[in-house]
Every structure is written in structure tokens, then in C-alpha cells.
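Notes for the structure review
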Amino acid sequence: MPIRIFVDSDVIISSLISRTGAAFLLMHDARIDRFISDVSFAELKRVVGVLHLSLKDLQKLVETQCNVVTIGESKRDVKRMTEFTRDMNDAHIVLGASKAKVKFLVTYNLKHYRIEKIREDLRIIVLPPAFLLQYLRSVN
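This report concerns the structure included in the present document. (Residues numbered from 1 in each chain as written. Predicted model: local features only at pLDDT ≥ 70, side-chain atom pairs only at ≥ 80, totals over all residues. Heavy atoms only, no water.)

Some words on the pattern of salt bridges
Quick reminder of the rule: Just to be clear on terms, a salt bridge is a Lys or Arg side-chain nitrogen sitting within 4 Å of an Asp or Glu carboxyl oxygen. Helical segments are the DSSP runs of H or I of at least four residues, strand segments are the runs of E of at least two, and each set is numbered from the N terminus. Only protein chains enter the calculation, and the probe is 1.4 Å; a residue is then buried if its accessible area is under 20% of its type maximum, exposed if over 50%, and partly exposed in between.
Considering all chains together, one arrives at seven salt bridges under this definition. Across the pair Lys117 and Asp121 runs a salt bridge whose closest N-O atoms are separated by 2.6 Å. With Lys117 and Asp121 both in helix 7 (residues 115-122) and four residues apart, the pair spans about one turn of that helix. For Lys117, a relative accessible area of 28% translates into the label partly exposed. Using a relative accessible area of 43% as the deciding quantity, one classes Asp121 as partly exposed. Via salt bridges that share partners, Arg76, Asp77 and Arg80 belong to a single interconnected network.

So, in C-alpha cells, the structure goes:
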């Protein structure tokens, strides 16, 4: 049974930039069910434009490798998640992870999240891509 993870935007951008890093491997590992939110997808489209990356490559990656969970723009739900972040702009990530019922939230921005609180209250483990790949190697 695949492991359910929520992928922060920085991991997806990293996988588009380099085909040799942990983010790319994670985004193409068949043992993983990857989730992003509709809000994350909209954010990714803007970032791809700013970084002059391919929107077509992003759309293909999301269509073939990700499940998109709808969180919409519910300010009340997002505000409720600010207790789990140090950067309120990342509250929607925690909301998406919670709605997707994932085991892991994968990000390079560990400092943005209250990792212990997320683990204790939401039962979601926050870690970088390389740590998740290491975990996958240890369970197989």
C-alpha cells in the first residue's frame, strides 16, 4: 500500500529544476501517493512563471504524479492552522496535509513549521525529501 504524503511547493519546484535530487526521486517513486492542494497548485503556477520554468512540465507532473485535494480559500480553516506554522502563509499547507489524511508532510522549509505540534496534534510527520527516501529504503 503506497505511503500518503503531502508535498510542499518547494519540493515540487526543486524536482522541476533538477532530475538528480531527492525531490525528483520522491516525485517519481511508485511507492508514494503524493498530494498537493488546489491552493498549492495555484501558488506553483505563479512561482513557475517567476522562475521561468515550464508551466507545461508543472501541469504534467501534477496530473501524472499528484492528487489534488480541494481546500479552497476558506479563511477560517486556514486561520485555524496558523498555530502549526511560524509563517502564516504556510497554514494552507498544513490544512491540505490534514485534509488529505497523510502520514508525512515533505518540505525543505522545516523552520516554517511547528514540527512537534503537528506530530502530536495531527499525527503527521514533517521531514525533508531525503529523510523520507531514507525511511522508504529502511522499510523495504
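A word on the sheet that holds strand 3 (residues 66-69)
Condition: Strands qualify as paired when DSSP identifies two bridges or more between them. Only the stretch in contact is used when a helix axis is fitted, and all axes are lines through C-alpha atoms; the angle between N-to-C directions ranges over 0 to 180 degrees.
In spatial order, the strands read 3-2-1-4-5; together these five strands make up an open sheet with parallel pairing. Where the open sheet ends on each side, the last strands, each with one partner, are strand 3 and strand 5 (125-127). Within this sheet the neighbouring strands show an average axis-to-axis angle of 30°, counted without direction.

Some points on the environment of Ile124
As a reminder, the rule being used: The criterion used for residue contact is that any of the two residues' heavy atoms lie within 4.5 Å.
Considering the arrangement of structural elements, one finds Ile124 in the loop between helix 7 and strand 5. Given a relative accessible area of 3%, Ile124 falls into the buried group. Taking the C-alpha atoms as reference points, Ile124 and Ser14, 110 residues apart in sequence, are found 22 Å from one another. Setting aside anything within four residues of it in sequence, one finds Ile124 in contact with Ala97, Ser98, Val102, Lys103, Phe104, Leu105, Ile118 and Arg119.

Concerning the pairing of strand 2 (residues 32-37)
The buried fraction of strand 2 is high, at five of six residues. Where strand 1 (residues 3-7) meets strand 2, four bridges bridge the pair, whose relative direction is parallel. Each residue of the ladder has a partner; that of Phe6, found in strand 2, is Phe35. Two strands pair when backbone bridges link them, and strand 2 and strand 3 are joined in this way by four bridges, in the parallel orientation. Along strand 3, the bridge assignment pairs Ile36 with Val68.

Some remarks on the packing of aromatic side chains
Quick note on the threshold: Between rings of Phe, Tyr and Trp, where Trp is taken as its six-membered ring, a pair exists when centres lie within 6.5 Å; planes separated by under 30 degrees are stacked, by over 60 edge-to-face, and by other angles tilted. Any Lys NZ or Arg CZ that is within 6 Å of a ring centre and within 35 degrees of that ring's normal is treated as a charge sitting over the ring.
This model, assessed by the stated rule, comprises one aromatic pair. Judged by centre distance (5.4 Å) and plane angle (55°), the ring pair of Phe104 and Tyr135 falls under tilted. Taken together, the residues Phe104 in strand 4 (residues 104-106) and Tyr135 in helix 8 (residues 129-139) connect sequence positions 31 residues apart. Note on Phe104: relative accessible area 3%, which makes it buried. Given a relative accessible area of 28%, Tyr135 falls into the partly exposed group. In this arrangement the basic side chain of Lys45 is found over the ring face of Phe41, its NZ or CZ atom lying 4.3 Å from the centre.

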